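Listed here are the chains, written in short residue letters.
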Amino acid sequence: MRTRTRVMSAVTAGGALLALSGCGAADMTKQASPYANAEGAKTVTLSVQSWVGAQADVAVAEYLLKNELGYRVDKVQIDEVPAWDALSQGRVDAILEDWGHPEQEQRYVKDKKTIVRGGDVGVTGHIGWYVPTYFAKKHPDVTDWKNLNKYADQFKTSESGSKGQLMDGSPSYVTNDKALVKNLGLDYEVVFAGSEAAQITQIEQFAKQKKPFLTYWYKPQWLFEKVPMTEVKLPAYKEGCDADPAKIKCAYPHTPLQKYFNADFAKKGGEAAEFLKNFRWSEEDQNEVSLMIADKKMSPDAAAKSWIKKNESTWRAWLPE
Amino acid sequence: MATATASGPVRDTGIGALLRHRAVAKLLLLALAAAVLVPIVSAKWASGAWPHALTVDLTEPLGRTSDWIIDNRDSHPLFTYFFGHVSNAIVLSVRGVYLVLLAAGWAGVTVAAGLIAWRVAGVRLAVTASAAFAACGLLGMWVPTMQTLALMVVAVLASIVIGALLGLAGGLNDRVFRILRPVLDTMQVLPAYAYLLPFALIFGMGVPAAVIATVVYAAPPMARLTALGLRGADGGVLEAVTSLGATGRQRLFSARLPLAAKQLLLGVNQTIMMALSMAVIASVIGAGGLGDRVYQALSTVDVGQALAGGIPIVLLAVVLDRVTAAAGEKAGAHGQDTSALRGWRGWSVAAAVTVAAALAARFADRLEWPTDWVVNIAPSVNTAKEWMVDHLYTGVPVVGGTADWASHFTTWVLNPVRDGLQGLPWWAALLIVAALAWLIGTWQTALTAVAAMAAIGVFGVWDKSLDTLAQVLAGVAVTLVLGFAIGIAAARSTRFERLLRPVLDVFQTLPQFVYLIPVVALFGIGRAPAVAAAVVYALPAVVRITTQGLREVDAAAMESSRSLGATSWQLLRKVQLPLARPALLLALNQGVVLVLAVVVIGGLVGGGALGYDVVFGIAQGDLATGLVAGVAIVCLGLMLDRVTQPTERRVKKGA
């Protein structure tokens, strides 16, 4: 008797679960966030990347989607590679700023066809090594990588020990720095800040003390307005010189940043999809919004609003006819 | 062998007495084993580093597994017929709760929180609960709070059901209990951050993965306490019930479960606290809600905004903790409720008032929290933080600045400890672990500890793990020094303890992400801030346990020593501290486990080593790096727990 009741209750529970989620196969890829569409409005889910430039893209897009097109916008913060995965599953509808992920592009855009390209953001990204301008002015030859060893002593910290410190940031960012230091024979230790927030905090702290430092950094980035930095020239980038990550000996390329959409969203996303496809602005525009968010600590919404007031001609062109 | 000389204090000299002393016997046995094994081992692998021949490279198989999952996630029956349904059920439930919360509006939810607290715990907590929810609204966090609450309701209910079922099985069946207990004990020492990645891979980024990770983290205390409660039931009562002719099921429901009610409610309390502590960590894999706000604030280096997202979590935690604790005490006490509103009457009044409040808000068109009632605390918090950093960072007269401390700490403590550990031949490290674990526990615990340590080497992350271990040891040392000092002070002054209590509450429940930025601003990046963050997190538990342990020292022993004319310093040193030894050991164990949990998060501020690898794994979707580092952390946790855990287990984990 007892075992039968137990089996029965197990079956009932299983049945209830099935009934709850609809019978038959359940495709996780067609699943949205439980918080989406809560007030009956059309919802677009955007991936916000951790850096502020991407937040500026999303803030402006969100404001216009909400106030001009009547959408509700959900934002999810996910790291870059998992964001591709979420995009392919339809958990997010669009990534507004991608810095180049050839492996993921091959997998999701070419093979699985679950993601489509959405065109340029209008901003060109560049990664490099930077020293603070106040230091570069005093020692102009530091901006050539060949002289870096001469200055290793001044870039020492307790974390890098007897070598100079080259500060790297978030683990989600593209970096060849460990290989570069080794292959160029530099007397430096790569120290990973572990997150962009930690890296920025440290740079600002160094700048306040007018201390020298060498850091991995990227453009466009609002921090340049606050802490002027000068790039250190690495051996010039040539097509294909970064093919073998272990033997790399050249600088980082200039990448036109891309938008990517979930394939279904691109087809059926209506006005929102069309608007996001048209979304395209300049580096100055993006920096203006980024600076308001990150440095003036305005809310992304307020920052977007203030930019939108001044640049009507730019964004009018993005709205669907 | 170094181990043989460390024989400790032995009163009786002579070989026979030495051998009779158990600790010495254990050490001698170990030394003997070492004398045989070490020459063989060092003949085979001359260098002190972990031998390459003994490692297993998991990069290839794990990479393939991860590719397989991604390629088959939308077509394989395992996913479409099993995980898919689980995932859908979670999304539906969370959505259901969320819609109810939104429909009730802020007025309905705030009133309901107050009334539930009133029925369960009385008027004072009712006011606290309502005020806490109102505060979430005031901070402009109403919608994220509701999202987190919806996720928590589902995760906590699932944890309680699963935990109770496991606990029931363990409580009623000895064999199940024997299998379950070590598993549950182990689960309690695992740092949550280490095992997020597999869930994210299987379920994709989002709420389902977050809920399941939360359940895995929060269900064990429920299962443990249920099993312990059922097993602890009074034999006499059971005997009496059986002799009255009750069947097995009647016995369970009429005697054993009611007798275990207090333990069950403690389990619920623990489960809720653990689940809430996951709220922010799970945002890394897309949980949304408050955690996501904190995480987003972190990326703009906005401490004020992060705090605005963190305070509601603290408030939720404090309210839920107090309410469930009060319910537990009520279940323990047997007083008769004589008020007119007892039982169902009180609850119907509560329900009616809630509905009325929700409807009133709806008709007043005030369903959403009014935007002009929002207080923006971010600017003032940021100003305060800037001021603090400007004045403490460097050049403070006499003591030096925090940046100088950090750099000295790294150079003079962290580096030597790390280099020492990494310079140690691997077999010596294993022997030390074995000796420590055996001295404090049994040969089984020693074996587990050694196996865990060896597993780290086998996975090929020996050096990195020792780096992390060095950070943990340094963190624990600082935590214990500060914790014992504050704990002793609190035990001696009730007023100080009362002042301290809310501070401890806040730091125990405040998401670690919130204080990562101030910590970096003060200590720079690197291992020092990682250790500092860990100390902040582990300190409250150590202080609490120390205070309580000292307070509970037998009053008669204290009185008699005082009458013998002992000064208060002598009293502390000669009577209180020795008598509170078990509590102090427990504090050590808790300190170790909690410090390890945060040193992982230290990967976000430059702690490097295993923590960085876990963060890297999640950020890059790299299962091989992330999972191996996660497993290594788990092994470190296991090893440290066994090495610091005196024979009998403690009841609960920190928060």
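In the nomenclature of an unreviewed UniProt entry, chain B is known as Glycine/betaine ABC transporter permease of Streptomyces alfalfae. Per its UniProt entry, chain B bears the Sequence similarities (unreviewed entry) comment "Belongs to the binding-protein-dependent transport system permease family."

Chain A is annotated in an unreviewed UniProt entry as Glycine/betaine ABC transporter substrate-binding protein from Streptomyces alfalfae.

## With respect to the overall build of chain A
Summing up its helical and strand segments, chain A has 14 helices and nine strands in all. Taking all 321 residues of chain A together, 45% fall into the buried category.

## Notes on the domain arrangement of chain B
Residue and element names in this part refer to chain B. Taken as a whole, chain B is organised into domain 1 (91–332 + 350–374) and domain 2 (404–644). On a C-alpha basis, the centres of domain 1 and domain 2 stand 27 Å from each other. Looking at the side of domain 1 that touches domain 2, the elements that each hand over two or more residues are helix 9 (196–203), helix 13 (261–281), helix 14 (289–299) and helix 15 (303–332). Looking at side-chain class alone, the side of domain 1 that touches domain 2 contains 25 nonpolar, two polar and no charged residues.

## Structural notes on the domain arrangement of chain A
Residues and elements named next belong to chain A. In terms of domains, chain A is made up of domain 1 (38–124 + 256–316) and domain 2 (125–255). Computed from C-alpha coordinates alone, the two centres of domain 1 and domain 2 are separated by 28 Å. Of the residues lining the interface, 20 residues belong to domain 1; the matching set on domain 2 comes to 13 residues. Counting residues per element, the ones that place at least two in the side of domain 1 that touches domain 2 are helix 2 (52–67), helix 3 (80–89), strand 4 (115–132), strand 9 (254–262) and helix 12 (283–294). Counting residues per element, the side of domain 1 that touches domain 2 draws most heavily on helix 12, at six residues.

## A word on the interface of chain B and chain A
With 64 residues of chain B at the interface, the matching set in chain A holds 48 residues. Looking at side-chain class alone, the side of chain B that touches chain A contains 32 nonpolar, 26 polar and six charged residues.

## Comments concerning the UniProt feature "domain: ABC-type glycine betaine transport system substrate-binding" (unreviewed entry) in chain A
What UniProt calls "domain: ABC-type glycine betaine transport system substrate-binding" (unreviewed entry) maps, in this numbering, to residues 42–310 of chain A. The span residues 42–310 of chain A carries 40% helix and 24% strand; its end-to-end C-alpha distance comes to 28 Å.

## Let's talk about the environment of B:Val207
Relative to the helices and strands, B:Val207 is located in helix 10 (residues 207–231). Judged by the 33 C-beta atoms lying within 10 Å of it, B:Val207 is buried.

Definitions and cut-offs
- Residues numbered from 1 in each chain as written.
- Chains lettered and ligands numbered in written order.
- Predicted model: local features only at pLDDT ≥ 70, side-chain atom pairs only at ≥ 80, totals over all residues.
- UniProt positions renumbered as here; feature names shortened; annotations may be inferred.
- Helix = DSSP H or I, 4+ residues; strand = E, 2+ residues; numbered from the N terminus.
- Buried ≥ 20, exposed ≤ 12 C-beta atoms within 10 Å, placed from the backbone.
- Domains from an automatic or database assignment.
- Nonpolar A, V, L, I, M, F, W, Y, C, P; charged D, E, K, R; others polar.
- Contact = placed C-beta atoms within 7 Å.

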